[in-house]
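If you want the building blocks of each chain, they are given just below.
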Amino acid sequence: MKKFSFLAITAVVMTGIAFSSCDSKKSVSLKSGLDSVSYIIGASYGNGLKENIKTFPGSPGNVDALVAGFVNAAEGDTIHLGMDMQAAQAYVQEYFQNAQTRLAEETKAEGDKFLEENKTKSGVITTLSGLQYKVITEGTGIKPAAEDTVKVHYTGKLLDGTKFDSSVDRGEPATFPLNGVIRGWSEGVQLMPVGSKYIFWVPADLAYGTQSPSQLIKPNSTLEFEVELLEVTKAK
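Residues numbered from 1 in each chain as written. Predicted model: local features only at pLDDT ≥ 70, side-chain atom pairs only at ≥ 80, totals over all residues. Heavy atoms only, no water.

K.L.:
Please clarify how the overall build of the protein should be interpreted in this entry.
P.N.:
Along its length, the protein carries six helices and seven strands. Going from the N terminus to the C terminus, the protein shows its helices and strands as α-α-α-α-β-β-β-β-α-β-α-β-β. The buried share of the protein, taken over its 236 residues, is 35%. Taking all contacts inside the protein whose residues are at least 6 apart in sequence as the whole, residues at least 24 apart take part in 71%. Here the protein displays about 14000 Å² of accessible surface, and carbon together with sulfur accounts for 54% of that area. (Helix = DSSP H or I, 4+ residues; strand = E, 2+ residues; numbered from the N terminus. Buried < 20%, exposed > 50% of the residue type's maximum accessible area, 1.4 Å probe, protein only. Contact = heavy atoms within 4.5 Å. Areas by Shrake-Rupley, 256 points an atom, 1.4 Å probe, with all protein chains shown as cover.)

K.L.:
Before we go on, may I ask you to explain the side chain of Thr 155 in this structure?
P.N.:
Looking at the secondary structure, you find Thr 155 in strand β3 (residues 149-157). By relative accessible area, which is 13% here, Thr 155 ends up buried. A distance of 3.1 Å separates a polar atom in the side chain of Thr 155 from a polar atom in the side chain of Ser 166. Residues in contact with Thr 155, not counting those within four places in the same chain, are Lys 163, Asp 165, Ser 166, Val 168, Glu 224, Phe 225 and Glu 226. (Polar contact = N/O pair within 3.5 Å; in protein donor to acceptor, adjacent residues only side chain to side chain.)

K.L.:
Honestly, the packing of aromatic side chains in this entry has me stumped. Any pointers?
P.N.:
The relation between two aromatic rings is expressed through the spacing of the ring centres and the mutual angle of the planes. Under the criterion given, the structure shown has eight aromatic pairs. Each ring, one from Tyr 133 and one from Tyr 198, has its centre 5.5 Å from the other, and the planes form 10°; the classification is stacked. Placement of the pair is Tyr 133 in strand β2 (residues 132-137) and Tyr 198 in strand β6 (residues 197-202), with a sequence separation of 65 residues. When sorted by exposure, Tyr 133 lands in the same class as Tyr 198, which is buried. Ring geometry for Tyr 154 versus Trp 185: centroids 5.4 Å apart, planes at 90°, classification edge-to-face. With Tyr 154 in strand β3 and Trp 185 in helix α6 (residues 183-189), this pair connects stretches of sequence that are 31 residues apart. (Phe/Tyr/Trp six-rings, centres within 6.5 Å; stacked < 30°, edge-to-face > 60°.)

K.L.:
What's the story with the pattern of salt bridges in this structure? I'm lost.
P.N.:
Working definition: two side chains of opposite charge can pair if their charged atoms are close together. On inspection of all chains with the given rule, the structure shows seven salt bridges. A salt bridge links Asp 112 to Lys 108, with the nearest nitrogen and oxygen atoms 3.0 Å apart. In this pair, Asp 112 and Lys 108 are both assigned in helix α4 (residues 85-118), four residues apart and thus about one turn of the helix distant. We classify Asp 112 as partly exposed; its relative accessible area is 37%. In this structure, Lys 234 engages Asp 148 in a salt bridge whose closest nitrogen and oxygen atoms are separated by 2.6 Å. Of this pair, Lys 234 sits in the segment after β7 (223-233) while Asp 148 sits in the loop between β2 and β3, placing them 86 residues apart in sequence. (Salt bridge = Lys/Arg side-chain N within 4 Å of Asp/Glu carboxyl O.)

K.L.:
Which parts of the structure should I look at to understand the nonpolar core?
P.N.:
Across soluble globular proteins, nonpolar side chains have a tendency to be buried as a group. Counting residues in hydrophobic clusters, the biggest one holds 26 residues, and the most contacted among them are Val 152, Trp 185, Phe 225 and Val 227. Put simply, the parts of the chain that give this core at least two residues each are β3, β5 (174-177), α6, β6 and β7. Sort the elements by how many residues they give to this core and β7 lands first, with five residues. In this structure Phe 225 touches Tyr 154, Thr 155, Gly 156, Phe 164, Ile 182, Trp 185, Tyr 198, Ile 199, Phe 200 and Val 202, once residues within four positions along its chain are discounted. (Core = buried A, V, L, I, M, F, W, Y, C linked by side-chain atoms within 4.5 Å.)

In structure tokens:
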């Protein structure tokens, strides 16, 4: 499970200005160089946190509460929650851990439901491990073993169709040893003769499990890969 830094979380909580919308933007009169510098520093904090905010589980925070916390802290006031800073940090950490757990459980349930329905579709084959695949093109070359190195073109997507990685888009095939990738890839590509193109649906436990390797891939995500096997280099 992805870990959140106490400092990073606290910084976000205390920097509500980063959560902005058309209705919540604040206007301010900049009458001096110091005013402008103060505004720029505040905007810099918000801009730096913008990408981190996207990784938060659940919904965005309460903008008014976030801005109030930022302003109060910047003016030297204490937190008005009946707790000291150490207790507040522990509270935030526990909240994020619980939210992350809930999100992982929901994502797992969505994936399980998809796989249950997908396995009944024409051409879809389910292996003993739970990996699902469909043959688009069947090649006539050799099949790789787990210790071999393969050259492939691939596109990875979430179940909603969001693309998170693609060698096709980069215009350059990927080369890697099959024993160095996720279990679903290793198992699936070994089924393919060179020249084949398959679609794989990889359950969470054969993919990244509760880990989140990128902002787009949630913990416990079931993933879809379209893979074309171009070449196999046998292990020596």
